[in-house]
Amino acid sequence: MTDGLTLNLPHGALALPAFLPDGTQGVVRAVSADDLEAARVGAVQMNVYHLMQRPGTSTIQALGGLHRMAGWRRPIFTDSGGFQVYSLIRQNPKAGSITDRGATFRPGGDRKYILTPEKSIQLQFSYGADMLICLDDCTGPDDPPQAQADSVRRTIRWAGECQRAYTRLVEQKGLAEAERPRLMAVIQGGLSRDLRRECAEALLALGFDAYGYGGWPLDAAGQLLEEMVGYVRELVPPEFPVHALGVGHPASVAACVAMGYQLFDSTMPTRDARHGRLLVFTRDPAAAPLSRAGEWFAYLYPGDDKHVKAAGPVSPHCDCPACARYSLGYLHHLFKLNDNLYFRLATVHNLRFMTMLMERLREGAE
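These lines cover the structure that appears in this document, whether it is placed above or below. Keep in mind the model is a prediction, meaning the values are calculated, not measured. (Residues numbered from 1 in each chain as written. Predicted model: local features only at pLDDT ≥ 70, side-chain atom pairs only at ≥ 80, totals over all residues. Heavy atoms only, no water.)

A few words on the overall build of the chain. Assigned secondary structure in the chain consists of 13 helices and 15 strands. In summary, the chain has a C-alpha radius of gyration of 20 Å against a globular reference of 21 Å for 366 residues, a match within 12%. Along the first, second and third principal axes, the C-alpha atoms of the chain reach 60 × 45 × 45 Å. Taken over 366 residues, the chain has a buried fraction of 54%. Once local pairs closer than 6 in sequence are excluded, the contacts in the chain between residues at least 24 apart make up 67%. Carbon and sulfur atoms provide 50% of the accessible area of the chain, an area that totals close to 15,500 Å². Looking at the chain, you have 38 positive and 39 negative side-chain charges, and the mean spots of the two groups are 6 Å apart. (Helix = DSSP H or I, 4+ residues; strand = E, 2+ residues; numbered from the N terminus. Rg over C-alpha atoms; globule rule 2.2 N^0.38 Å. Buried < 20%, exposed > 50% of the residue type's maximum accessible area, 1.4 Å probe, protein only. Contact = heavy atoms within 4.5 Å. Areas by Shrake-Rupley, 256 points an atom, 1.4 Å probe, with all protein chains shown as cover. Lys, Arg positive; Asp, Glu negative; His and termini not counted. Charge placed at Lys NZ, Arg CZ, Asp CG, Glu CD.)

Here it is as structure tokens:
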């Protein structure tokens, strides 16, 4: 499935390490599939919790699955809904409940959505995703010890149920090795080394195609939990790709690649672009050592008045459509107008920054 440098998936080989922009509801906000290809994005990540609500499973199937619906020919990863267990239910118990059977979400009104391990896999499979992620009981790093222990026990149990559901579907459809989607399990345990090891060993014994770092990866100050993130990578044999779920800050990505992580996803680059924060290399990325200090990149704010007459591109080190054709002064103008073209060009630029970063990190790994 992987030769260390590529991850072979039904919709093509994904060069590693790779950053996946989040198209949570079936779209990477403000850009088309052509724009993603122009930014050299290799894969995108979507979310089953949101997709099952909008546009809904029957609509996705009527439109031919996620790839046809979104016009995207390359791999798609689908998150299980496990993060929403943390971000919605654990943050607000009135928004739902968690039991050993699964999670019940009550996002508002009279409607409720139930996700069991089996249902999460069935939905992801029916959407035609390339990498399915097991439903996990996600926690925050500061959750109490008993909550972390319960999360690990439940995550292991759910992973086994996901694997059984997945195996049944592969066998029912008679899929060959190259045709089957891959299955990722998520390692929970908060800040406890013992719980992380317990979870990793149990999941490795079950056997999955890939593994993910589960739980919120940042501390209260927004800094990467480097010690625990590094420890989890050490628990997984190097032949398995490991996904740093939710990690998208450039310095954090570079640090995680140095630890051995190969997969990343985040809404940060695209959200920042829409809100007027662009990523730029401070020097030629081909020659820049990517230290953990992060001085090799900076943020540029196109809305600042000092850019009103800037005739050069956003970055001389970028080959994205925005930098190749338009000036920073023009993006300033579009930003002030709140024009849709700004959102498109800025998003493509930040995504190209991330893919250039991954290209540079791949060169360092070869």
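Alright, that's what it looks like, and here's the rest.
Because the α-helix completes a turn every 3.6 residues, residues three or four places apart line up on one side. Among the 10 residues of helix α8 (residues 226–235), seven are classified as buried, and the element is accordingly described as predominantly covered. Of the positions making up α8, those classed as buried are Met228, Val229, Gly230, Tyr231, Val232, Arg233 and Leu235. Among the structural elements, β10 (182–187), α7 (193–206), β11 (210–213), β12 (242–244) and α9 (250–259) are those in contact with the buried residues of α8.

Take helix α6 (residues 145–173) next. The end-to-end C-alpha distance of α6 is 42 Å, a good match for the 42 Å that 29 residues give at a rise of 1.5 Å each. Downstream of α6 by a residue or two, Gly174 has a phi angle that is positive, lying close to 60 degrees. (Expected span 1.5 Å × (residues − 1).)

Right, let's talk about the pattern of salt bridges for a bit. Inspection of the entire model under this criterion finds 20 salt bridges. Ionic pairing is found between Asp100 and Arg157, a salt bridge with its closest N-O pair at 3.4 Å. Taken together, the residues span a long stretch of sequence, with Asp100 in the loop between β6 (96–99) and β7 (102–108) and Arg157 in helix α6 at a distance of 57 residues. Under the relative-accessibility criterion, Arg157 is labelled partly exposed at 39%. Sharing partners across several salt bridges, the network here consists of Arg90, Asp100, Asp137, Arg153, Arg154, Arg157 and Glu161. (Salt bridge = Lys/Arg side-chain N within 4 Å of Asp/Glu carboxyl O.)

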